[in-house]
Amino acid sequence: MPSGKLISGSKRVGVTYDDLLEIALNLRWTWKIEARRVFAALDPEASPGALEWPHRLLVGLGRAAVTDRLSADPEIAQLAQSVVDEFRAFEARTAKAWFPKEHKAKRDLVVAYFAAEYSLTDSLPIFAGGLGTVAGEHLKASSALGVPLIGVGLLYRGTSHQWLDRDGRQYEAWDMTSPSQMPIEPARDAQGRVVQVTVPLPGRDLQVAVYRARVGRNSLYLLDAAVASNRTADRTLTTRLYDNDIEIRFAQELILGVGGMRALAAVGIEPEVMHLNEGHSAFATLERLRRAMAREGLSFSEARTAVRPGIVFTTHTPVAAGHDYFEPAVARRFLAPYAGQLGIELEELLSLGRYRADDPTDSFCPTVFALRSAGHRNGVSRLHGRVTRRQWAGLWPRLPLAEVPIGHVTNGMHLESWTSNEFNELLTSQIGSQWQTTPGDPVMWSKLLDVDDEALWGVKNAARAELVEFSRRRARQELARRHAPIERVTPVTLLDPDRLTIGFVGRFVAYKRPTLLLSDPERLARLLKDPERPVQIVFAGKAHPNDETGKQLLQSMIEFAGRFGVEDRVVFIADFDTTMDRALSQGADVWLNTPRRPLEACGVGGMKAGMNAALNLSTLDGWWDEACLDADPSAPPIGFSIGTAGPYSDIETQDALDAESLYDVLENEIIPRFYERDDRGVPREWMASAKQSMSTLAPMWNSLRMTREYTESYYLPGLARVRALSAGGAILARTQAREVGRLRVNWPELTVAVTHEEPATERGHRFELVVGLGELDPADLRVQLWVASEGVAPRSVDARLVERAGSHARYVATVGQLADGEPETVVARVLPSPRYGEGEAIPGLITWSQ
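Residues numbered from 1 in each chain as written. Predicted model: local features only at pLDDT ≥ 70, side-chain atom pairs only at ≥ 80, totals over all residues. Heavy atoms only, no water.

**Let's talk about the overall build of the protein**
Which entries qualify depends on this criterion: Secondary structure elements are defined from DSSP: runs of H or I of at least 4 residues count as helices, runs of E of at least 2 residues count as strands, and each element is numbered from the N terminus. Atoms counted for the radius of gyration: C-alpha only. Globule rule: 2.2 Å times the number of residues to the power 0.38. Only protein chains enter the accessibility calculation, which uses a 1.4 Å probe; a residue is then buried when its area is under 20% of its type maximum, exposed when over 50%, and partly exposed in between. Should any heavy atoms of two residues lie within 4.5 Å, those residues are considered in contact. Residues scored as positive are Lys and Arg, those scored as negative are Asp and Glu, and His as well as the terminal groups of each chain are ignored. By convention, the point assigned to a charge is CZ for Arg, NZ for Lys, CD for Glu and CG for Asp.
Counting its regular elements, the protein contains 27 helices and 26 strands. Taken over C-alpha atoms, the radius of gyration comes to 29 Å for the protein, in line with the 29 Å a tight globule of 850 residues would show. Dimensions of the protein, computed from C-alpha atoms along their principal axes, come out at roughly 95 × 65 × 50 Å. Expressed as a percentage of its 850 residues, the buried residues of the protein come to 58%. Counting only contacts in the protein whose residues sit at least 6 apart along the sequence, the fraction spanning at least 24 positions is 72%. Looking at charge distribution, the protein has the averaged site of its 97 positive side-chain charges lying 5 Å from that of its 110 negative ones.

Written out as structure tokens, the structure is:
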């Protein structure tokens, strides 16, 4: 496409309609301010919501009108040209991005990233909540860093819109969006043919169309069942995200996983590493195994061994309802064709997805299937990692909780996407443009501490004022939708741009406790109406259509505002979307988060707001648990905590104590600090905390750090191990699968006992152990002492083989003297040699002396 320079005083326009269409079809525009400014300039009458649909905007204006606009206004043309040039230069700089520079030898890495939802823009409405946000942030960060990651998801044509009646009762309305209106194109193979794949379902093969969205340097492939050759009912299988029908849900997950892998193969992509997000994407493993078996002639167990290190599984929720459980009969019907393809009995495949593997009546859980299939597993915050180990410990029976092989990578947000125009300019002027592409550099971000207080306060005031205006626009739209009298619609003046503004965004579900603030409504009303130091709350979010409790929680907030006459200070913005999310994140002074610890996996809303000079007010849960507890205690506070880390005797006590803590922090810390101004009207202490928060959050809780951590901790080690196992016709995978099978057969005969303990010396305690080997050999085993003492984390000490006598072997181990005196518990245990389990425990293969 042409990209000539604008010649001053000439009618010739260097940038063309096709150039801008190309920009609109690359979702990098969503976080590039200059690109957004071009689209806004082309249609000055467009609302902020309409500007989320630049592809549709351009098509609506038409080639001639866009060309005329560019010709008539050299300033717009010049801006458009600079955007086009920058996008092309970005593509050309791929080799200089972080990943190609730091990992040159692994530049052929390809990661397939599977998720049921992605939040990128309102014009691609395929998201519902936090999982979609994190998936979108991962794609953006991978583009910035040059990580070769390909997204795979589903294309949902149906979009749910929330509306409230006069009593605050939530209702849902659905509309359909054609792919032609979205910023996507049909996926094509190497010969330019439109791609379509087949996914086996009970009694038929489903045809699935494939679309491609561009996200910077990377691609997102989306699968759509609305194909004319399918049955009428089947065409709607991918219409709604998280459909309530259990069989549609199962079909969706097969389409995502199996169809996703087949779609990648069709466009010429064969990933060696897969990143599965939640159990929804677990079935990608089925197709990965099938392809490995066909390519290398492997058995099922050999293929599992070969591909397992290249499978990363991330779970995003500790709440049981967040995981799917399918009745055995349903799972049998849907998985029967795949057992046949894999050459195994159906019962063997089903057992991999049952928490109680040997119980044929147990439900099939894709999360369990993914946990058993993956070589790397993680939660999404430090606390969530601990909770997840406890939640799924039963899959590794008799293994100590601390050794359950589930780690954590704390989520992060993409800074460029969420900071306002003014904050972007402030960041660039203070630390340079490298903040957009440099992961986790605390020294660079420490420069934010030197930002001028008045400049930062001015930027924050502007963002708060924009949030107020945004809320008023949305309120007018909502009143007009309800056909309210025109005299009510026109003069809506909600909120005040000078008040302390609390933002809250989240699902209205019981564990999130969105009504914790209403625990003492009279007290809250007094805070809101204080004539000297008033407070206002802007909140948004949805209850699940089938969650009556969640809908009642939302309604109670609306009823409170009416009962106490604070409708202008407690404002709910209906029909949450990314435009609203951005306005709230940028404009709020305080970000409120009230989940019941430890049920929040991570949460990213506070990260977004924190980088826009808001202070967090949150329970010690998810990411805030580590952010707050790890913060420098000698520096200004980066936010405020509600309650403690517990434990609490019961839920009622926890809620009551947390509510009292919430009010106390608001009254005695947040409100006084915000309204304490110097003679120039600047809240100096508040600004000190805001700067400390920004400089602390930016290097750690951003998606560049998150993506780098996944790459270096999981993707690259997984790639190396997959290639080692698959080399030479997968000889190592074949050998390891055979050896682990031998261990399983002979393991029940294994015994171990501590037979002698010598008195403590300067070197510590010396123990003798005897292992009954059965048919196994000492080289197959790792023999250890496991030591536990009061107040000290348990530890294991490897034992040394002294001699073998027939079917028994004698070992010795020395335990160093502990500071607290004699060990309380010393037991022996035997595990497989590390060479068999990729360095981690193999489920079921552990024997204890007692």
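**Considerations on the side chain of Lys-140**
Mapped onto the fold, Lys-140 is located in helix H7 (residues 130–145). The exposure class assigned to Lys-140 is buried, which follows from its relative accessible area of 2%. Excluding anything up to four places from it in sequence, Lys-140 contacts Trp-31, Leu-120, Val-215, His-414 and Ser-417.

**Here's the deal with the sheet that holds strand E15 (residues 570–572)**
Applicable threshold: In this analysis, strands are considered paired if DSSP registers two or more bridges between them. Angles here are taken between N-to-C directions and fall from 0 to 180 degrees, while the axes themselves are lines fitted to C-alpha atoms, restricted in helices to the stretch in contact.
Taken in spatial order, the six strands make up an open sheet running E15-E14-E13-E16-E17-E18, and their pairing is parallel. If you trace the sheet from one side to the other, it starts and ends with E15 and strand E18 (639–642), each paired once. With strand direction ignored, the average angle separating the axes of adjacent strands in the sheet is 20 degrees. Sitting on the sheet, helix H20 (residues 521–529) is in contact with strand E14 (535–540) and E15, with an inclination near 110 degrees to E14. The strands that helix H25 (residues 651–675) touches are strand E13 (500–505), E14, strand E16 (590–593), strand E17 (615–619) and E18; relative to E18, the one it contacts most, it runs at about 165 degrees.

**A look at the sheet that holds strand E26 (residues 847–848)**
Taken in spatial order, the four strands of this open sheet run E22-E21-E25-E26, and their pairing is antiparallel. Every other strand in the sheet has two partners, leaving strand E22 (792–798) and E26 as the edge strands with one partner each. Examined bridge by bridge, strand E25 (residues 825–832) and E26 share two bridges and lie antiparallel to one another. Residue pairing for E26: Arg-829 is matched across the bridge by Trp-848.

**Things to note about unusual backbone geometry**
Backbone phi values are negative for most residues with the exception of glycine, while trans is the configuration of most peptide bonds. Following Arg-597, the chain continues into Pro-598 via a peptide bond in cis, with omega recorded as 5 degrees. Examined against the element boundaries, Pro-598 turns out to sit in the loop between E16 and helix H23 (605–610). Residue Pro-647 is reached from Gly-646 by a cis peptide bond, and omega for that bond is 5 degrees. Structurally, Pro-647 is set in the loop between E18 and H25.

**Some thoughts on helix H14 (residues 382–391)**
Residues Leu-383, His-384, Gly-385, Thr-388 and Arg-389 constitute the buried set of H14. Those residues of H14 hidden inside the fold are in contact with strand E11 (376–379), strand E12 (407–408) and helix H24 (622–629).

**Digging into the pairing of E13**
Regular strands place side chains that alternate from one sheet face to the opposite one. In plain terms, the rule: Handedness rule for crossovers: strands pointing away from the viewer, path from the first strand over the helix to the second running clockwise, crossover right-handed.
For E13, the tally of buried residues reaches five of six residues, placing the bulk of the element in the interior. As for the winding sense of the linkage, the β-α-β connection from E13 through H20 to E14 is right-handed. Looking at chain direction, E13 and E16 are connected through two bridges and run parallel. Considered in E16, the bridge of Ile-502 is made with Val-590.

**Details of the packing of aromatic side chains**
Put simply, the rule is: Any pair of Phe, Tyr and Trp rings, taking the six-membered ring for Trp, is counted once the centres come within 6.5 Å. Such a pair is stacked with planes under 30 degrees apart, edge-to-face with planes over 60 apart, and tilted for the rest. Charge-over-ring placement is defined geometrically: NZ (Lys) or CZ (Arg) within 6 Å of the ring centre, and within 35 degrees of the ring normal.
Within the structure shown, the criterion is met by 26 aromatic pairs. Judged by centre distance (6.3 Å) and plane angle (70 degrees), the ring pair of Phe-504 and Phe-508 falls under edge-to-face. Side by side, Phe-504 and Phe-508 carry an identical accessibility label, which is buried. With a centroid separation of 6.3 Å and an interplanar angle of 80 degrees, the aromatic rings of Phe-508 and Phe-572 are classed as edge-to-face. Within this pair, whereas Phe-508 is found in the loop between E13 and H20, its partner Phe-572 is found in strand E15, the two being separated by 64 residues in sequence. In this pair, the class of Phe-508 matches that of Phe-572, namely buried. Pairwise contacts between aromatic rings join Phe-250, Phe-283, Phe-326, Phe-334, Phe-364 and Phe-369 into one cluster. A cation sits over an aromatic face here: Arg-240 above Trp-174, 3.8 Å from the ring centre. In this structure, Lys-608 is placed above the aromatic ring of Trp-418, and the distance from its NZ or CZ to the ring centre is 4.0 Å.

**Looking at the layout of surface pockets**
This is how the line gets drawn: Lining residues are defined by having an atom within 4 Å of a point belonging to a cavity or pocket. Those points lie on a 1 Å grid over the protein atoms alone, cavities being sets where a 1.4 Å probe fits but cannot get out and pockets being open sets with protein on both sides within 12 Å along at least five of seven lines. Grid points are joined across faces, edges and corners, and a volume is the space filled by probe spheres set on the points. Put simply, Ala, Val, Leu, Ile, Met, Phe, Trp, Tyr, Cys and Pro go in the nonpolar bin, Asp, Glu, Lys and Arg in the charged bin, and everything else, Gly too, in the polar bin.
Looking at the second largest pocket, its volume works out to about 1,100 Å³. As for the second largest pocket, its lining consists of 38 residues, and the residues nearest its centre are Arg-304, Arg-308, Arg-744, Ile-842 and Pro-843. For the lining of the second largest pocket, the secondary structure elements donating two or more residues are helix H10 (300–307), helix H12 (346–351), helix H13 (366–373), E11 and helix H27 (703–746). Per element, the largest residue contribution to the lining of the second largest pocket is nine residues, and it comes from H27. Across the lining of the second largest pocket, the residue classes break down as 18 nonpolar, eleven polar and nine charged.

**Brief notes about the nonpolar core**
Short version of the rule: What makes a nonpolar core is a set of buried Ala, Val, Leu, Ile, Met, Phe, Trp, Tyr and Cys residues whose side-chain atoms join them at distances within 4.5 Å.
By size, the foremost hydrophobic cluster in this structure holds 221 residues, and its most contacted members are Leu-124, Leu-254 and Leu-335. Residues contacting Leu-335, with those up to four places away along its chain left out, are Phe-250, Leu-254, Phe-283, Leu-286, Leu-346, Leu-349, Leu-350 and Phe-364. By size, the runner-up hydrophobic cluster in this structure holds 25 residues, among which are Trp-747, Val-771, Tyr-836 and Ile-842.

**Focus: empty space enclosed by the protein**
The rolling of a water-molecule-sized probe over the atoms marks out the regions of remaining empty space. Applying the stated criterion to the full structure yields nine cavities of 30 Å³ or more. Volume-wise, the largest cavity comes out at about 70 Å³. Lining of the largest cavity is provided by Thr-30, Ser-119, Leu-120, Thr-133, Glu-137, Lys-140, Ser-417, Trp-418, Thr-578 and Arg-582. Sorting the residues of the lining of the largest cavity by element identifies H7, helix H15 (415–418) and helix H22 (578–587) as the ones contributing at least two each. Ranked by residues supplied to the lining of the largest cavity, first place goes to H7 with three residues.

**Digging into the pattern of salt bridges**
Two side chains with opposite charge may pair up if their charged atoms get near one another. This is how it is decided: For this document, the term salt bridge refers to a Lys or Arg side-chain nitrogen within 4 Å of an Asp or Glu carboxyl oxygen.
In total, this model carries 64 salt bridges according to the counting rule given. Arg-734 is paired through a salt bridge with Glu-302; the nearest N and O atoms lie 3.7 Å apart. With Arg-734 in helix H27 and Glu-302 in helix H10, the pair connects residues that are 432 residues apart, well separated along the chain. Judged by relative accessible area, Glu-302 falls into the buried class, the value being 17%. Note that Arg-742 is salt-bridged to Asp-780, the shortest N-O span being 2.8 Å. Residue Arg-742 is found in helix H27, and its partner Asp-780 is found in the loop between strand E20 (764–772) and strand E21 (781–789); the two are separated by 38 residues along the sequence. Taking relative accessible area as the criterion, Arg-742 reaches 27% and is therefore assigned partly exposed. Given a relative accessible area of 4%, Asp-780 falls into the buried group.

**Quick word on a positive patch on the surface**
As a reminder, the rule being used: Residues forming no salt bridge and having over 30% relative accessible area are the ones grouped into patches, like charges within 9 Å of each other and nonpolar side chains (Val, Leu, Ile, Met, Phe, Trp, Tyr) within 5 Å. Here, Shrake-Rupley sampling with a 1.4 Å probe gives the accessible areas, and only protein chains in the shown set may cover a residue.
A contiguous patch of positive charge, built from Lys-96, Lys-101, Lys-104 and Arg-107, is present on the exposed surface. Within the secondary structure layout, Lys-101 lies in helix H6 (residues 98–102).

**Some details on the packing of helix H18 (residues 453–481) against H22**
Definition in use: A clockwise turn of the near helix away from the far one marks a right-handed crossing, whereas an anticlockwise turn of less than a right angle marks a left-handed crossing.
Between H18 and H22, whose axes approach to 8 Å, the crossing angle comes to 145 degrees. Like other packed secondary-structure pairs, H18 and H22 cross with a definite hand, here left-handed. Contact with H18, carried on its side by Lys-460, Ala-463, Arg-464, Leu-467, Phe-470 and Arg-474, involves Thr-579, Met-580, Ala-583, Leu-584, Gln-586 and Gly-587 of H22 and no other residues of that element. Classifying every residue of the contact of H18 with H22 gives six nonpolar, three polar and three charged.

**Section: the environment of Ala-475**
Counting through the fold element by element, Ala-475 comes out in helix H18. Placed 151 residues apart in sequence, Ala-475 and Glu-626 show a C-alpha to C-alpha distance of 37 Å.

**Focus on the packing of helix H8 (residues 246–266) against helix H9 (residues 284–296)**
The line we're drawing: Any angle from 65 to 115 degrees is called roughly perpendicular, while one under 35 is roughly parallel, one over 145 is roughly antiparallel, and all others are oblique.
Interhelical geometry of H8 versus H9 gives an angle of 40 degrees and a closest axis separation of 6 Å. Judged on the interaxial angle alone, H9 and H8 are oblique. Side by side, H8 and H9 meet where Leu-254, Gly-257, Val-258, Met-261, Arg-262 and Ala-265 of the first sit next to Ala-284, Leu-286, Glu-287, Arg-288, Arg-290 and Arg-291 of the second. Split into classes, the residues belonging to the contact of H8 with H9 amount to six nonpolar, one polar and five charged.

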